[in-house]
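Working through the structure, step by step
What follows is the residue order along each chain.
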Amino acid sequence: MTRYLIMLVITFILISCGDPYKVIYGRWQIYKYESAPISALTDEEATGLLGEEFTFSKDYIIIGGIKIEHPSYKFREEKANDYFYINYRMPKEFICIEQEIIKILELGIDKSKLIDYKRGKHRKDNLILYIPRLIFYENELIFYFDGVFFYLKKIK
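Right, let's walk through the structure included here. Remember, it's a predicted structure, so these values are computed and weren't measured experimentally. For every chain, the first residue of the written sequence is number 1, and numbering continues from 1 onward in sequence order. Confidence filtering applies because this is a predicted model: local features only for residues at pLDDT of at least 70, side-chain atom pairs given and counted only at 80 or more, and all residues used for totals across whole chains, interfaces and linings. Heavy atoms from the whole structure form the basis of all side-chain values; hydrogens and water molecules are not counted.

This next bit is on the packing of aromatic side chains. Within 6.5 Å between ring centres, the rings of Phe, Tyr and Trp (the latter by its six-membered ring) count as paired, and their orientation is classed by plane angle as stacked under 30 degrees, edge-to-face over 60, tilted in between. Summed over all chains, the structure comprises 17 aromatic pairs. Residues Phe 54 and Phe 56 carry aromatic rings whose centres are separated by 6.3 Å and whose planes lie at 45° to one another, so their mutual orientation is tilted. Residues Phe 54 and Phe 56 agree in their burial class; the two are buried. In our convention, an over-ring charge means Lys NZ or Arg CZ found within 6 Å of a ring centre and within 35 degrees of that ring's normal. Lying over the aromatic face of Tyr 151, Lys 32 brings its terminal NZ or CZ to 4.5 Å of the ring centre. Cation over ring: Lys 103 sits above Phe 75, and NZ or CZ is 4.9 Å from the ring centre. Summary of the burial criterion: residues with accessible area below 20% of their type's maximum are buried, those above 50% are exposed, and those between are partly exposed, where the area comes from a 1.4 Å probe applied to protein chains only.

Next comes the structure, spelled out in structure tokens:
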């Protein structure tokens, strides 16, 4: 009887917690960007990425028109000041982050699935190769690509 009760409690806890990544599932779109002091992208190239859509689901990710099956996701928390200094050599305030702790979403993508993928001539054709993690901040996703921070908002 005790064993049954313990299993019932564990099942209830698992069901009530749900999928922690549900908050990112859906379609997202790049709607703005902020160039770092040194950037490999021109304003024209960065502007060309505005409107690009990303789709995240439990079963796949679509970035830059490339679909990757069976991704893995992992949230982790970081001290914002440390994270921005270590990764970008700039203060968190550069992209208007005020919180002390931020959530980082790490994408696990089986890169062997990209072997047949031919790299495009345009940077946006290669986004899938360069986005291993995103910042989840105030219901936006932010990623850094070639010296530019891109902001995504959920559209569906």
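Below, the discussion takes up unusual backbone geometry. A positive phi angle, near 55°, is found at Arg 89, a position not held by glycine. Among the structural elements, Arg 89 can be located in the loop between α3 (80–88) and β6 (101–108). Its relative accessible area of 60% is what places Arg 89 among the exposed residues. The numbering of helices and of strands both runs from the N terminus, where a helix is a DSSP run of H or I of at least 4 residues and a strand a run of E of at least 2.

For the rest of this paragraph, the subject is the nonpolar core. The set of buried Ala, Val, Leu, Ile, Met, Phe, Trp, Tyr and Cys residues whose side-chain atoms join them within 4.5 Å is what this entry labels a nonpolar core. Counting residues in each nonpolar core, the largest one holds 28 residues, and the members touching the most others are Ile 24, Phe 56 and Leu 107. Contacts were defined at the residue level, with two residues in contact if any of their heavy atoms lie within 4.5 Å. Contacts of Ile 24, omitting those with residues within four sequence positions, involve Phe 56, Tyr 73, Phe 75, Leu 105, Phe 136, Leu 141 and Lys 154. Ranked by size, the runner-up nonpolar core spans 15 residues in total, among them Tyr 83, Tyr 88, Met 90 and Tyr 151.

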